[in-house]
Structures are given as structure tokens and as C-alpha cells.
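# Commentary on secondary and tertiary structure
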Amino acid sequence: MKQEHRGAFTSNFGVMMAVAGSAVGLGNVWRFPYMAGMNGGAAFLLLYLAMILMVGLPLILAEFSIGRASRRGAVGAFKVLAPGKRWYLIGYIAILAGFTIMGFYSVIAGWTIRFLSEAINNSFAGQSMSEITGSFNNFVDSGYKPMLLSIGFIAMCGAIVLSGVEKGIERYNKILMPVLIVILVFLCLNSLTLDGFGAGMEFLFKPDFSKITTQTVLDALGQVFFTLSIGMGVMITYSSYVTKKENMVRSKVIITLIDTSIAILAGIAIFPAVFTFGISPTQGPELVFVTLPNVFAQMAGGYFVAILFFILLTIAAITSAVSIIEMMVAFFIEEYRMTRRRAVITICSMIIGMSTLCALSQVSGSSIRVFGLNLFDLLDVVSSNYLLTFGGLTIALFTGWIFNKEKLFNVFTCGGRYTVWLFPVFLFIIRYISPIAVSLIFLSKLGLV
Ligand code: PHE
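Let us look at the structure shown here.

The rules behind the values
- Residues numbered from 1 in each chain as written.
- Predicted model: local features only at pLDDT ≥ 70, side-chain atom pairs only at ≥ 80, totals over all residues.
- Heavy atoms only, no water.
- Near = heavy atom within 4 Å.
- Helix = DSSP H or I, 4+ residues; strand = E, 2+ residues; numbered from the N terminus.
- Nonpolar A, V, L, I, M, F, W, Y, C, P; charged D, E, K, R; others polar.
- Phe/Tyr/Trp six-rings, centres within 6.5 Å; stacked < 30°, edge-to-face > 60°.
- Buried < 20%, exposed > 50% of the residue type's maximum accessible area, 1.4 Å probe, protein only.
- Arc of directions from axis to C-beta.
- Contact = heavy atoms within 4.5 Å.

Here we take up the site of the ligand. Surrounding the ligand, one finds 15 residues, the nearest of these being Ala23, Leu26, Gly27, Tyr105 and Phe226. If you list the elements that add at least two residues to the shell around the ligand, you get helix H1 (12-23), helix H2 (26-38), helix H10 (214-227) and helix H14 (302-336). Its residues assigned to classes, the shell around the ligand shows seven nonpolar, eight polar and no charged.

Our next topic: the packing of aromatic side chains. Aromatic rings in a pair are described by how distant their centres are and how their planes are angled relative to each other. With the rule as written, the count across this model stands at 33 aromatic pairs. Ring centres of Phe78 and Phe398 lie 4.9 Å apart, and the angle between their planes is 80°; on these two criteria the pair is classed as edge-to-face. Residue Phe78 is located in helix H4 (residues 76-81), and its partner Phe398 is located in helix H16 (residues 375-402); the two are separated by 320 residues in the primary sequence. A residue is classified by how much of its surface remains accessible, and Phe78, at 1% relative accessible area, is buried. On the basis of an interplanar angle of 50° and a centroid distance of 5.8 Å, the ring pair of Phe296 and Phe309 is categorised as tilted. In this pair, Phe296 is assigned in helix H13 (residues 284-298) and Phe309 in helix H14, connecting sequence segments 13 residues apart. Phe309 carries the same exposure label as Phe296, and that label is buried.

Taken together, the buried positions of helix H9 (residues 197-205) are occupied by Gly200, Met201, Phe203 and Leu204. Looking down the long axis of H9, one finds its buried residues gathered within 160° of arc, a one-sided arrangement. Among the structural elements, H2, helix H3 (42-70) and helix H12 (248-276) are those in contact with the buried residues of H9.

And the structure:
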């Protein structure tokens, strides 16, 4: 049956780039290197890889199976696969997570655009660390500048989603993701030439098991959710546009490898530079937005490196945000019978409202505070720590215990064609291992264990 309003990816490469585009984002380029650095380098990396196997990869496969079997978005999928039941409420959590993540993600993306224009204007040259910090703080404190930039960012992503699945999402990802990879490889090669290369590598790769605590384990799990875009139906939505028969397990393993490699490459691009110029590597958001411009200002050829780096960051943010917007657009099209145009305008306006509040909440003395946190920090915490983990838990339970086994087998193995032997392993992990691991993180984030 031909479905109206429903797009489809046209090539395996297109699917691969779109899914990788969603996964590879700000989470890889600044969050991963910083988290690894803070949490014992290679020790964190090992934990992270274990979490990828226990939770990340199984959940991507679960979301893909749900999307392919139902050919619906985050809410509709559960209505099709478990009619008359309330499992579709998972989809509403996904929509909520989409709004909360986009609220702060678009503000950070706005910062990225600001830094790109500063880099092009060569504004970092000759500035001291405190001048760069001061001008960043003034920028955030102005409120309206980050607000306007995040509106611009949302409009840009909205325009891509408006062009549809194949003419917008697939086409732009096919162009942008290879560009991102080329820039990243170039930045890594540039790192090799720096004096601090050895120190940077040691910081990133030398295991320090003494830094491993329960919090580290939880951080690793949280990072896996955020970086792989799982727990909020983005992968359900994207997989519902895959019409070709493909070896799902193989392509998802490749995507997970791409995502992890890009996080590690980002670390290789960033830390040697930080060490070469004797700057502290352990500061979260500042690492990218305050520390690095300073590094670029001192580096030979830093003008071009800075521009490339911020183009990379902007691309990473666009392709991830596009996937979140598409997840919500699919929901509005399917559940409210909206046209794509109307859905995009409605959702982007709502996101703009949220991001405006977020940007304004960062102005010093702002009264936009909830539970003592400014809205920006609150959304960050609520989305990654609670909504994604809870969404992931319910998706694992649904797939393991509710999803019709025969149907699941068919989509997982593409009708018995590929990786049949892996199915029982997958079923065991998604039934027991993933829910237990995720429950532990969830309970401990709530302070209950
Ligand atoms: N994976 C993206 C990143 O690493 C963020 C994201 C989370 C995108 C959830 C979609 C859904 O930046």
C-alpha cells in the first residue's frame, strides 16, 4: 500500500549517513572527550564499550525492529504493534524528550554558529584566555544574541526537514557527514604534528582504574544513550523509512563503530592541542567554547583549523537536530493528519519558544529557574538522565516481552536471511541485561541505589 506523507530513504548509503548523522553530534565532539578525560581515560573507554554492547547496540536494534515492523513513528509504532494497549505512551515520552533536548541543544548549536563567525573574522587572534572567556560570557549574558542564533539554527534544520526524507534529510546527510569525517581526519592529522601529542594521547588512552566509581559507570551508560540517539524514538522513526531489505545487524554495528570512532577521533583532535598550549583539559562546555579558541589563537595555521573545527561542530549539531525534529514531525503527521509543512512550522515554533526560554535563563540574575536550576541546566539533566533512560528501559521491555517474537525474528533477520544465530543472544540481552542495567542507572540517578 502506498502511504501518503510517508517518505523513504532511497539508498543504503543514505540510511547509513542519516542514522550516523543523528548519532554523531555535540555528544561526540565535546562531551565524550571531556567525560573520558575526567573519568580515567581508557578505563572509561572500556566501560563505555561494555555499555555499548549491553545496552547501546541492543537498543538501536530494538528501535530499528520496531520501526521496520510497524512503518510508523514513535507513537504510531506502538499502536500498530500492541493495539489497544498503552505502550504508545512511550512515544509521548519520546516527544517530550525531543522538546527538552532541542531546547538546550539548539542554544549550544547557536553558540557554535557564533564561534564559527568569530573564527572567520579572525577575532580570536591576539586575545588572551581571559579576554576570550569574557567575550563568551558577555555573549551568553546578552540573552538575545544566543536566542537569535538558536532561532536561526532551528529554522535551518526546519528547512531541511521540510524538504522531506529523501530530498532533505537523506540528501543533506549524504553531503554533510562525509565532509564532517574529512574535516575530523584532517584535524587529527594536524594533531600528530603538535608537541603535546604524546601528553594528549596519554590523557585520553592511559587507563586509570582508580577513577572508576559507580558514578563513572552511570556516566558511561548515560553517554551511550545520548550519543547513539536512543531511548526517544528517533531510530524508530528513521528505520520506518527504510524500505530496502538490508542486513540490519551489520549496518547497526557499523553505525555504532562510526559513532564511537568519531568520539575517539574528536579526543585525538582536541587533547594534543590542549596540552601543547598548557591549558586545563578538564572543563566541560568551556573546553570547546573557551579553551579551544585560545588554543587556535596560538597555533600555527590556527585561523583555518578554527574555522574547520567550528564547521565540524555545526554540521554535527545540524544532522542530530534534524533527526529529533523529524521524529516529532512524523508524530504530528501521523497522529494529527497534518501536512509536513504545517507539522514543521508547528514544531519549530514550539522549539523556538523552549530554546528562547533556555537562552534567556542563562542571563545572569534571570528568574527563569526551576528547582533552583536555570532552565538550560534543568533540561539538560532531565532529558539525558531521566527521559532517555526511562524511554530506553520501556523500549527494551516492550521489545523483549511484548513484541510478537515471530515478527521480531523476521525484521531482525530480514526473513531468516541474515544473522539468525544472533537472534537468541539479542533476545536474551534485550530481555534481561539491558533492562537491568538501565534500571540500575535510572534508580541511582533518582538516588535510590
Ligand atoms: N546523538 C546526538 C549527539 O551525540 C544527540 C541526540 C540525542 C540526537 C538523542 C537525537 C536523539 O549529539
